[in-house]
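One-letter residues, chain by chain:
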Amino acid sequence: QIWIHSIQTAILCRGFARDQGEEEFSGHFLGLIHDVGKIIIFNCLNDAFSEGIIEGEPGSRAFKDMMSEMSRDISYFIAREWNLPEKFWSALYEQTTEPESGLAVALDRANSCAELYMLHDLNKISGPELYDAIDSLKCHGPVWNDFLGKAKQLEDLV
């Protein structure tokens, strides 16, 4: 599910990056890697839960809180460790503060829209709630419409 969300975020981030005057490839790449920290934490926490190091169950509130708290910082540190260009790790760092650069703004909007889409897909929010939120984020329009077509194709593949 994390990887599907990353692909969906990449599709949206590509369009929002273009809207911000950034390269589409950079937006797509950033969307793909933005949750790499979440993947690492997920694996580590699963191991810790299965070995009894941490009490509880994967999927619990504590599990989700730990993933959310630490994943953005880890994604940033991984991008630095991989020696990615500054524009990528800087945009990831800005997710922990207030996004200002074009790529950071594009990622923030894309991630929020992809999360809303996932909530709707899981029947956690209704269609009207989804579109009210999308409108408030100013995510509607060609980027969103393009995403909807591609998201359906992606779901059919999975």
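Is there a simple way to explain the layout of surface pockets in this structure?
The probe, sized like a water molecule, is rolled over the atoms to show the empty space still left. Of the voids in this model, the largest pocket is the one considered here, and its volume is about 870 Å³. Looking at the lining of the largest pocket, the elements that each hand over two or more residues are helix H1 (2-19), helix H3 (36-50), helix H4 (61-81) and helix H6 (102-121). Top element by residues in the lining of the largest pocket is H4. It accounts for 8 residues. Along the lines of polarity and charge, the residues of the lining of the largest pocket split into 9 nonpolar, 9 polar and 7 charged. One number sums up the size of the second largest pocket: a volume of about 160 Å³. In this structure, the second largest pocket is lined by 10 residues; those nearest its centre are Gln1, Ile4, Gln8, Met118 and Asp121.

Please explain the nonpolar core as it appears in this structure.
Soluble globular proteins tend to bury their nonpolar side chains together. Counting residues in hydrophobic clusters, the biggest one holds 32 residues, and the most contacted among them are Leu12, Phe16, Leu30 and Trp144. Of all elements in the fold, only H1, helix H2 (24-33), H4, helix H5 (86-94), H6, helix H7 (127-136) and helix H8 (142-157) reach the threshold of two or more residues within this core. Among the elements that line this core, the one with the most residues is H6, at 9 residues. For Leu30, the contacting residues outside a window of four places in its chain are Phe88, Ala91, Leu92, Leu103 and Leu107.

Just checking my understanding: could you explain the pattern of salt bridges for this structure?
A side chain of one charge can pair with a side chain of the opposite charge when the charged atoms of the two come close. In total, this model carries 4 salt bridges according to the counting rule given. Note that Glu24 is salt-bridged to Arg18, the shortest N-O span being 3.3 Å. A relative accessible area of 34% means that Glu24 is categorised as partly exposed. Owing to a relative accessible area of 42%, Arg18 belongs among the partly exposed residues under this scheme. One salt bridge in this structure joins Lys87 and Glu23, with 3.4 Å as the shortest N-O distance. Taken together, the residues span a long stretch of sequence, with Lys87 in helix H5 and Glu23 in the loop between H1 and H2 at a distance of 64 residues.

Got a minute to help me understand the state of the cysteines in this structure?
A disulfide bridge is the covalent bond that connects two cysteines by way of their sulfur atoms. In this structure the tally under the stated criterion is 1 disulfide. Shown here is the disulfide that connects Cys113 with Cys139, its sulfur atoms set 2.3 Å apart. Every disulfide takes its handedness from the sign of the S-S torsion; for Cys113 and Cys139 that torsion is 105°, giving right-handed. Of this pair, Cys113 sits in helix H6 while Cys139 sits in the loop between H7 and H8, placing them 26 residues apart in sequence. In this structure, Cys113 and Cys139 share a single accessibility class: buried. Sulfur of Cys13: no disulfide; nearest cysteine sulfur belongs to Cys113 and is 11 Å away. Its relative accessible area of 0% is what places Cys13 among the buried residues.

Where do I start with the packing of aromatic side chains in this structure?
The description of two aromatic rings rests on the distance between their centres and on the angle between their planes. Inspection of every chain in the model, using the stated rule, returns 9 aromatic pairs. For the pair Phe29 and Phe88, a centre-to-centre distance of 5.0 Å together with 70° between the ring planes defines the contact as edge-to-face. Here Phe29 is found in helix H2, whereas its partner Phe88 is found in helix H5, with 59 residues between them in sequence. Classification of Phe29 by relative accessible area gives partly exposed; the value is 23%.

What counts, and where the lines are drawn
- Residues numbered from 1 in each chain as written.
- Predicted model: local features only at pLDDT ≥ 70, side-chain atom pairs only at ≥ 80, totals over all residues.
- Heavy atoms only, no water.
- 1 Å grid on protein atoms, 1.4 Å probe; cavity = no way out; pocket = protein on both sides within 12 Å on 5 of 7 lines; lining within 4 Å.
- Points joined across faces, edges and corners; volume = space filled by probe spheres on them.
- Helix = DSSP H or I, 4+ residues; strand = E, 2+ residues; numbered from the N terminus.
- Nonpolar A, V, L, I, M, F, W, Y, C, P; charged D, E, K, R; others polar.
- Core = buried A, V, L, I, M, F, W, Y, C linked by side-chain atoms within 4.5 Å.
- Buried < 20%, exposed > 50% of the residue type's maximum accessible area, 1.4 Å probe, protein only.
- Contact = heavy atoms within 4.5 Å.
- Salt bridge = Lys/Arg side-chain N within 4 Å of Asp/Glu carboxyl O.
- Disulfide = S-S within 2.5 Å.
- Phe/Tyr/Trp six-rings, centres within 6.5 Å; stacked < 30°, edge-to-face > 60°.

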